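# Reading the structure
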Amino acid sequence: MVSTKVLDYKLFIGGEWVASGSGETMKVINPATGEEIARVASATAEDVNKAVAAARAAFEDGRWSGLSPGERSMLLWKFAAALEEKAMELADLETLHSGKPVKLTRNSDIPFAIDNLRFFAGACRALEGRSTAEYVTGYTSMIRREPLGVVASIAPWNYPFLMAIWKIGPALAAGNTVVLKPASITPLTSLELAKIAHEAGIPPGVLNVITGRGEIVGSALAGHMDVDMVSLTGDTATGRRIMTAASGSLKRVHLELGGKAALIVYDDADLDAAARGAVVAGFVNTGQDCTAATRIYAHESVFQSVVDRMVELTKQVRLGDPKDEKTDMGPLSSEGHLKNVSSFVERARKAGATILVGGQQARGAGLDKGFYYEPTLVTGLPQDAELVRNEVFGPVMVLLPFKTEDEVIAKANDVIFGLASSVWTKDIYKAMNTARRLDFGTVWINDHLPLASEMPHGGFKQSGFGKDMSMYSLDEYTRIKHVMADLGGQVRKGWHFTIFGDQEA
């Protein structure tokens, strides 16, 4: 699957590989070297129409929605098994086009994605509504949980394979058909996903994958009158544009957007565990994670101890070739993103910040041609500073002291985002009360980042709405229908007098 030559991919529509209507292609760049590794088709609005039509036909003729839950479940199990057979190849390809360290793709991203798909293979058989009963005398009420139809799934570049599975898993489990648009800079594993799904027996048209620029493909999908739902994982600004485009047809929208996670260290915490946990949670995936620990609030009495330990640990992070299993942190995803992260730090430096570690593009043997940035710790900034409030999406953490519990909770909540946070303390009462008051979709206690397929993931405020993973996500991809059946068969019902005749005594 992974090759030293330039790979070539078309669009996957209706079970077939087809070229873009314009014949145009896009380059895919290896962020570790800056070299071209693949060319993929650049879809047009007409290609979007063809993909949506294929998905609509597959939905309407029942080749997927018409299967029993058990039949859909078995096909998803086969799909997951086929992915597992190629897990190592998929991991290496994910590393190639994203710059993720291979130890992350092999040990986390790919296995977790497959586990998630297996969860939804089982969940197919557990979709249910409330009990059937007689809530009005003479009638039985039933609840039907039904698929929505065609789902447009727009996946991000930071976890290309994992997030694609997070989207298509519940959508397919519920009986929908899907048009998946991967990020234009990391499309390769999603295209391989389409190939493997087809080989595993997923019917043609059920899963379509189209590549292209977001302003063309993403906008066309979000505004398409024959798309019933659009699900996006991306930044908050893109989420706003998707909502606007989707409003024309009032389609359902599911958004998992930006974050600015707070990690709170109380004075009674295990400081070594907190510092180590913060470094891992801030620099994993080169900080390109909506849940990454980006704001470290430590109690003033232990602040310097936490700072010193984090500086020591940060200096141990090994930056290098993502194909090397000893590499801890790879490059940023693109040259443009490298410039964006660099500009954040430079503005903070000019605003008076103290750069404790890092703070510049990484140089040295094997790094000069890639998009590498040093793991960076910053302090000396006020709560209203740009670096404290805005999402950098890179290996940059800002450290801030606090005095009281009320103060730190207020500061942690004082951002537009509400995706993830964590609290570190040995006091169970303080931990539970802080978790209750933090305005984030996920709160960890004495850890930061672990997720499970059985538990929901999603944010509050401008981090979006709706849940990925867990049975809760199936609420996003289904609709509830009330069916009410007359039990008596009378021609004249007691309530008919409201239109004609008189009420009978």
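Everything in this summary refers to the structure shown in the same document. (Residues numbered from 1 in each chain as written. Predicted model: local features only at pLDDT ≥ 70, side-chain atom pairs only at ≥ 80, totals over all residues. Heavy atoms only, no water.)

### Let's talk about unusual backbone geometry
Of note in this structure, Leu449 is not a glycine but carries a positive phi near 120°. Residue position: Leu449 is located in the loop between β20 (442-445) and β21 (460-461). In this model, Lys461 sits at a positive phi of 50°, which is unusual for a non-glycine residue. Its location among the elements puts Lys461 in strand β21. (Helix = DSSP H or I, 4+ residues; strand = E, 2+ residues; numbered from the N terminus.)

### With respect to the side chain of Asp109
Within the secondary structure, Asp109 is located in helix α4 (residues 102-123). Looking at Asp109, the relative accessible area reads 1%, which means it is buried. Side-chain polar atoms of Asp109 contact the side chain of Lys100, separated by 2.8 Å. Sequence-distant contacts of Asp109, that is, excluding residues within four places in its chain, are made with Lys100, Leu104, Tyr159 and Leu162. (Buried < 20%, exposed > 50% of the residue type's maximum accessible area, 1.4 Å probe, protein only. Polar contact = N/O pair within 3.5 Å; in protein donor to acceptor, adjacent residues only side chain to side chain. Contact = heavy atoms within 4.5 Å.)

### Section: the packing of helix α9 (residues 271-283) against helix α10 (residues 303-314)
At a closest axis distance of 9 Å, the pairing of α9 and α10 adopts a crossing angle of 50°. One element, α9, and the other, α10, form an angle in the oblique class. Taken as a pair, α9 and α10 cross one another with a handedness that is right-handed. Only Ser305, Val306, Arg309, Met310, Leu313 and Thr314 of α10 make contact with α9, whose side of the interface consists of Leu271, Asp272, Ala275, Arg276, Ala278, Val279 and Phe283. (Axes fitted to C-alpha atoms, helices over the stretch in contact; angles between N-to-C directions. Parallel < 35°, antiparallel > 145°, perpendicular 65-115°, else oblique. Left-handed = near helix turned anticlockwise from the far one by under 90°.)

### Topic: the sheet that holds strand β23 (residues 478-486)
Paired through their backbone hydrogen bonds, the strands of a sheet run either parallel or antiparallel. Overall, antiparallel pairing links the three strands, which are arranged β6-β7-β23 in an open sheet. The outermost strands of the open sheet, each flanked by one partner alone, are β6 (133-136) and β23. Each strand axis lies, on average, 45° off the axis of its neighbour in the sheet, ignoring direction. (Pairing = 2+ DSSP bridges.)

### Focus on the pattern of salt bridges
On inspection of all chains with the given rule, the structure shows 30 salt bridges. Measuring nitrogen to oxygen at the nearest pair gives 3.0 Å for the salt bridge that ties Asp475 to Arg145. One end of the pair, Asp475, is in helix α15 (residues 473-476); the other, Arg145, is in strand β7 (residues 139-147), with 330 residues separating them in the sequence. Asp475 sits in the partly exposed class, given a relative accessible area of 39%. (Salt bridge = Lys/Arg side-chain N within 4 Å of Asp/Glu carboxyl O.)

### Thoughts on the sheet that holds strand β1 (residues 7-9)
Overall, mixed pairing links the three strands, which are arranged β1-β5-β4 in an open sheet. Each having just a single partner strand, β1 and β4 (25-30) make up the two edges of the open sheet. For this sheet, the mean inter-axis angle between neighbouring strands, taken without regard to orientation, is 25°. Where β4 meets strand β5 (residues 35-41), six bridges bridge the pair, whose relative direction is antiparallel.

### What about the environment of Asn49?
Along the chain, the position of Asn49 falls in helix α1 (residues 45-60). In sequence terms Asn49 and Gly23 are 26 residues apart; their C-alpha atoms lie 16 Å from each other.

### Some thoughts on the packing of helix α3 (residues 87-98) against α4
The description of two packed helices rests on the angle between their axes and on the distance between the axes. Between α3 and α4, the shortest axis-to-axis distance is 9 Å and the interhelical angle comes to 120°. The angle between α3 and α4 places the two elements in the oblique class. Classified by chirality, the crossing of α4 by α3 is right-handed. Contacts between α3 and α4 involve Ala87, Met88, Leu90, Ala91, Asp92, Glu94 and Thr95 from the former and Val102, Thr105, Arg106, Ile110 and Ile114 from the latter.

### Regarding the nonpolar core
The biggest cluster of nonpolar side chains holds 63 residues, and the ones touching the most others in it are Leu76, Phe79, Leu83, Ile168, Leu180, Leu188 and Leu193. Here this core gets ten residues from one element, more than from any other, and that element is helix α5 (residues 160-173). Setting aside residues no more than four positions away along its own chain, Leu76 makes contact with Trp64, Leu117, Phe120, Ala121, Cys124, Leu172, Ala173 and Ile202. Formed by 30 residues, the second largest nonpolar core is a distinct cluster that contains Tyr266, Leu338, Val345 and Val408. (Core = buried A, V, L, I, M, F, W, Y, C linked by side-chain atoms within 4.5 Å.)

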